[in-house]
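Okay, here's what each chain looks like letter by letter:
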Amino acid sequence: MATSTNRNHRERRPRSRPPKHDFYISLLTTALLALSIVRSQETDEPIDYGNHNPEWEDGPSSWEEFGHDNDPSVCGLPVLTVEEWEAGKYWDGNKPVLVKNMTDGWAALNHWKKQEMIRRYPDAEATMGDGRRVGEVGPDDAGNVLSPTTVKEFITKNMYHPLKYFFDRKIAIPNGMLEDCHPFPMPTRAFLENPETGAIHALSKKKKVNPKPPFEIWQDHLAISIGSDLQGLSFHFHGEAWNVVLFGSKRWLLWDYARFEKNVTRQRHFALAGEGAPILSSAEWIRQLYSSPERMYEMRTHGHDCIQHAGEMMFVPRKWMHMVVNIGDTVSVISEVGLEKGEGKKPEDFEYDPDESSDDSEDWSSDDDSEDDGPPPGWIGPPNGWSSDDSEDE
């Protein structure tokens, strides 16, 4: 079995900082957006938050502030080829990895360019909302934190709104849009090729059945995220997932579940500025909290701080806490174990108020490997998803 654990930095393609003129274009775009907001406030006209740039690459980028070169002492992840990813079945492991050249041959590289995506899939439905809040409560239970939108409406009217992020795990993706991402990465592709993968004969039912419950099976559904510079979900964790960037870049901070599995105090101290403090957006967490000695130690010793470029896939193991910051206009697709094909959301899905609900999630145990009566939560993130094992702090 081929691996590249010892080649995690050498195999990375060189990454230079954006040319000076690109940096100034980003500043100019940001300034023009701010000017339009001021003028709208003065004239009571609706603020135009639309992305009117020709392509994704023409939008503002915070590379100067948030980009880095993935030095092994900072990132430390193995960088695999697609062949190594599949031969090693790394999705069964408990360590993050980056996989390069995952989008080779994908029609989405052309069909999902900004203007072409709007032309082909204007009415593809999804939701938008504040990435900080969605990371806090989870996209499936965000309720009125989210609002319905379409690809065209979001891009042309809302993409540069600071509290609007296009992310939906239950999006009813048009078939052509899904086919743009073929061949799917493994293990998602295995289900598409044969939904009975892993199934066994059950004589009592006279048919094949999968011994795993649905929430443990990699199925063929993809989620889509589209967001402007500095957007991204705040700290959260969930089941195993992969994320492929088609356009733009993402900065990832990943923290080992073993560090907070039985120590909720450590988890709170890591994620929050203090007891009762609000959850910060990903960008603000990096700006305000990351530099503390305790957090820096945790990330350098038990975590990873990595830049994911277009064409690369990030694998996030089960329950590893993570946050993401977009660098530039960013488009990505995601698969998570247990996600079934989306059917879209109904009007009543947006009436739920997560702030007024009873916090049943505080009773969730961190030990989902014990005998379960049902599936684990579909989204586990602070504060509602924190471990309930306070008595086991170490």
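Now for a quick tour of the structure. Please read all numbers here as calculations on a predicted model, not as lab measurements. (Residues numbered from 1 in each chain as written. Predicted model: local features only at pLDDT ≥ 70, side-chain atom pairs only at ≥ 80, totals over all residues. Heavy atoms only, no water.)

Here the focus is the overall build of the chain. The number of helices and strands found in the chain is 12 helices and 12 strands. Contacts in the chain between residues far apart in sequence, at least 24 positions, make up 83% of those at least 6 positions apart. Entry remark: accessible area of the chain is about 18,700 Å², with carbon and sulfur atoms responsible for 50%. (Helix = DSSP H or I, 4+ residues; strand = E, 2+ residues; numbered from the N terminus. Contact = heavy atoms within 4.5 Å. Areas by Shrake-Rupley, 256 points an atom, 1.4 Å probe, with all protein chains shown as cover.)

In terms of nonpolar packing, the biggest core is built from 44 residues, with Trp85, Trp112, Met117, Met177, Ile226 and Val333 touching the most fellow members. Take this core: its biggest share by element is 4 residues, from strand S9 (residues 241-255). When near neighbours in sequence (up to four residues on either side) are disregarded, valine 333 contacts Trp106, Trp112, Cys181, Leu222, Ala223, Ile224, Trp242, Asn243, Val244 and Leu246. Core analysis: the next-biggest nonpolar cluster, separate from the first, contains 24 residues, Phe66, Trp255, Ala271 and Ile279 among them. (Core = buried A, V, L, I, M, F, W, Y, C linked by side-chain atoms within 4.5 Å. Buried < 20%, exposed > 50% of the residue type's maximum accessible area, 1.4 Å probe, protein only.)

In this structure the tally under the stated criterion is 10 salt bridges. When the shortest N-O distance is used, the salt bridge between arginine 133 and glutamate 136 registers 2.7 Å. Of this pair, arginine 133 and glutamate 136 are both found in helix H6 (residues 131-137), 3 residues apart, which corresponds to roughly one turn of the helix. For the pair arginine 133 and glutamate 136, a shared accessibility class is recorded, and that class is buried. (Salt bridge = Lys/Arg side-chain N within 4 Å of Asp/Glu carboxyl O.)

An α-helical turn contains 3.6 residues, so any two residues separated by three or four positions project in the same direction. Among the residues of helix H7 (residues 151-158), Val151, Phe154, Ile155 and Asn158 are the ones counted as buried. Viewed end-on, H7 has its buried residues packed into an arc of 125 degrees, placing them on one side of the element. Contacts from the buried residues of H7 go to helix H5 (114-120), strand S3 (125-129), strand S4 (146-150), strand S5 (165-168), helix H8 (175-179) and strand S8 (223-227). (Arc of directions from axis to C-beta.)

Neither face of strand S11 (residues 313-316) is left uncovered, since the one carrying Met313 and Phe315 and the one carrying Met314 and Val316 both have all their residues buried. Pairing between strand S2 (residues 97-99) and S11: 3 bridges, direction antiparallel. Bridging across to S11, valine 97 finds its partner in phenylalanine 315. Judged from the 4 bridges that link them, S9 and S11 form a sheet pairing that is antiparallel. If you follow valine 244 over to S11, its bridge partner there is methionine 313. (Pairing = 2+ DSSP bridges.)

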